[in-house]
Amino acid sequence: MADILQLLVYGVVLGSILTLGAIGVSLIYGILRFAHFAHGDMMTVGAYAALVAVAAAGLPVYAALPLAMAAAAAVAVAIDRIVYRPLRRTSPMILLISSFGMALVLRSAVQLVWGPANRVYVPGIRVPYQVADVRIGVDHLVIVAGAVVLVIALHLFLRRTRTGKAMRAMADNAELARISGVDTERVVLWTWVIGGALAAAAGVFLALDTRLHPTVGWHMLLPVFAAAILGGIGKPYGAIAGGLTIGVAQELSTAVIAPVYKPAVAFAVIVVVLIVRPRGLLGGRG
Amino acid sequence: MTALRVEDVHGGYGGTDILNGVSLAVDPGEVVVVIGPNGAGKSTLMRAIFGLIGVHRGRITVDGRNIAGLRPDQVSGLGLGYVPQDDNTFAGMTVGENLEMGAFLRPEHTARRMAAVFDLFPRLAERSHQRVGTMSGGERQMVALGRALMTEPKLLLLDEPTAGLAPDLAAETFERIRAVNSQGVGILMVEQNARQALAIADRGVVMVMGRDRHTDTGPALLADPEVASLFLGG
């Protein structure tokens, strides 16, 4: 029983990370109609941006987080302006392939600058809290609390602000949004800012939970997409349900199968859910 | 008061033109109805005016200013409203949010305009927190019209506002359109329900193969035997 609870804790932590990545994937799909394959590597970029702030400026990780989010948002906007925007009038398939190319570019750039070795933000071991027989690390609390705060902030942005409503309107009916006076390019800009910033948060949390490595985000791409599809792609709220489901399912699976098969669990969950509910949990775009 | 002029407009999607030199005019406060067979380019004309498709030749002017080539959000900013035929609401958002999006460019007028729309469609006031996707076709059409009225447009483009509505709802919709027009809003409307539409029109335009073929007053078109046999079902 304690084992299961322990895995549940790990699952919620992983789920929080996946959620932050999946929201971006879902938003970008909803607004721009293409699967952003460089999103995992955007997470990596964010994680390393925080490393710069921690290592060079001596900041604690929580203070480095907003800087990393800003840096990744800037990188995302720059990539959009230079690579994706000129291609936007072609087909979604071309954008998808170009984002695959960007994924390779980002990963190689990270490796070129910081090398292929494993890194950590702060060396040393921190003793986790012990609640009954379940161990909960300080970092785990930071990750889950951070994800909750960011998700609430995003919720308020989407529901209360004019730009947030324009984003929802554009994901709902892009042409009608334009007819209503929404400037598409402005909404696209905000989509990248939010997608990039949340990817950076996911990357920093992931590195906090494991370690930094140039492929750390790339390996998360499959479960992140699984979470986005599970929740109904194009629906940021679905990404939360999808992220937690995939995270918990992956960790719980290690009770019965070898941990190396964790990514396969994400696949299995998508297959099952798409058979039962082809448009995802919250009924996204088919 | 806004005057719209469409002069010899050619345009379409990609390579082939659907509009082949169409011209028409809507004077301030006028109701102009466009009728014609399927594929004549009626909806395409609306989309061209609103900057949703390319115009390769000709001019579209609003009060003398050429608007061909402007983006839809810029056309909206000039005081034009547009209700497309399909997908004309934000289905995943509430009635209130749909109307709010209508006033996107003039958020400071949201409350006042929403009151005016609720005046015209009292049923929407009761349902302001309902998601539009869960409403009936007639109610969705009210939301669509309400959204377009939120900007306080001087000219309204309506693409088949009564398509798919039961006859009593269609009659009610024409009545609402008349009420909107009586406040000085010019109307350019595409309609399959040609008889009823021409009855409230100052002028009618018959469009065929991407061009305007006849333009006359509503009653004159209704009385024209050729028009009657071709487009009014005998």
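Here goes a summary of the coordinates provided. Here the residue numbers are simple positions, counted from 1 along each chain's written sequence. Key to labels: chains lettered from A, ligands numbered from 1, both in the order written. Only residues with pLDDT of 70 or above have their local features reported here, since the model is predicted, and side-chain atom pairs are shown and tallied only from 80 upward, although totals for entire chains, interfaces and linings are computed over all residues. For side-chain calculations, the full set of non-hydrogen atoms in the structure is used, while hydrogens and water are omitted.

## Here we look at the overall build of chain B
Under the scheme used here, helices are H or I runs from DSSP no shorter than 4 residues and strands are E runs no shorter than 2 residues, and both carry numbers assigned from the N terminus. Within chain B, the secondary structure is distributed over 10 helices and 10 strands. Between the two quantities, the radius of gyration covers C-alpha atoms and the globule rule is 2.2 Å times the number of residues to the power 0.38. For 234 residues, the compact-globule estimate of 2.2 N^0.38 gives 17 Å, and the C-alpha radius of gyration of chain B, at 17 Å, lies within 12% of that figure. Dimensions of chain B, computed from C-alpha atoms along their principal axes, come out at roughly 45 × 40 × 30 Å. Residues classed as buried in chain B amount to 55% of the 234 residues present. Here chain B contributes 22 positively and 27 negatively charged side chains, and the mean placements of these two sets differ by 3 Å. Relative accessibility thresholds used throughout: buried, under 20% of the residue-type maximum; exposed, over 50%; partly exposed, between the two (1.4 Å probe, protein chains only). Positive: Lys, Arg. Negative: Asp, Glu. His and the chain ends are not part of the count. The atom standing in for a charge is NZ when the residue is Lys, CZ when it is Arg, CG when it is Asp and CD when it is Glu.

## Things to note about the packing of aromatic side chains
To pair, rings of Phe, Tyr and Trp, with the six-membered ring standing in for Trp, must have centres within 6.5 Å; the planes then decide the type, stacked if under 30 degrees apart, edge-to-face if over 60, and tilted in the middle. This structure, assessed with the given rule, holds 9 aromatic pairs over all chains. Two thresholds decide whether a charge sits over a ring: the Lys NZ or Arg CZ must be within 6 Å of the ring centre and within 35 degrees of the ring normal. The ring of Trp218 of chain A carries the charged tip of Arg107 of chain A above its face, separated from the ring centre by 4.2 Å. A cation over a ring is seen here: Arg162 of chain A above Phe104 of chain B, with NZ or CZ 4.1 Å from the ring centre.

## Some words on the sheet that holds strand S8 (residues 186-190) of chain B
Residues and elements named next belong to chain B. DSSP bridges decide pairing: two strands pair if at least two such bridges lie between them. Spatial strand order, S6-S7-S8-S3-S9-S10: 6 strands in an open sheet with mixed pairing. Edge positions in the sheet fall to strand S6 (80-83) and strand S10 (211-217), since each of these pairs with one other strand and no more. Between one strand axis and the next, the sheet turns through 15° on average, direction left out of account. Bridging between strand S7 (residues 155-159) and S8 involves 5 bridges; their strand directions are parallel. Across the sheet, residue Leu157 finds its bridge partner in S8, namely Leu188. In this analysis an axis means a line fitted to C-alpha atoms, helices contributing only their contacting stretch, and an angle means the value between N-to-C directions, from 0 to 180 degrees.

## Overview of the environment of Ala199 of chain B
Mapped onto the secondary structure, Ala199 of chain B falls in helix H8 (residues 194-199). Placed 85 residues apart in sequence, Ala199 of chain B and Met114 of chain B show a C-alpha to C-alpha distance of 29 Å.

## Side note on unusual backbone geometry
Residue and element names in this part refer to chain B. Within the chain, Glu152 stands out as a residue other than glycine whose phi angle is a positive 60°. By secondary structure assignment, the location of Glu152 is in the loop between helix H6 (137-149) and S7. Positioned with a positive phi, Glu160 is a non-glycine residue whose angle comes to about 50°. By the element assignment, Glu160 lies in the loop between S7 and helix H7 (167-182).

## Observations regarding the interface of chain B and chain A
Contact criterion: two residues are considered in contact whenever any of their non-hydrogen atoms come within 4.5 Å of each other. Listed as interface residues are 24 residues of chain B and, on the opposing side, 17 residues of chain A. Defined in terms of a 1.4 Å probe, buried area is the accessible area two parts forfeit on being brought together, summed over both. Interface area for chain B against chain A, summed over the two sides, is near 1,900 Å², with a carbon-plus-sulfur share of 56%. Per-residue buried area on chain B facing chain A is highest for Phe90, Met101 and Phe104 of chain B; these three make up 30% of the total on that side. Among the salt bridges present, the one from Arg168 of chain A reaches Glu97 of chain B, with a minimum N-O distance of 2.9 Å. Contributions of two or more residues to the side of chain B that touches chain A are made by helix H2 (72-77) and helix H3 (95-102) of chain B. For the side of chain B that touches chain A, the element with the most residues is H3 of chain B, which contributes 4 residues. Three classes are used, and their members are as follows: Ala, Val, Leu, Ile, Met, Phe, Trp, Tyr, Cys and Pro are nonpolar, Asp, Glu, Lys and Arg are charged, and the others, Gly among them, are polar. Considering only residue class, the side of chain B that touches chain A consists of 12 nonpolar, 5 polar and 7 charged. Only one rule defines a salt bridge in this text: a Lys or Arg side-chain nitrogen within 4 Å of an Asp or Glu carboxyl oxygen.

Remember, this is a structural readout, not a statement about activity or role.
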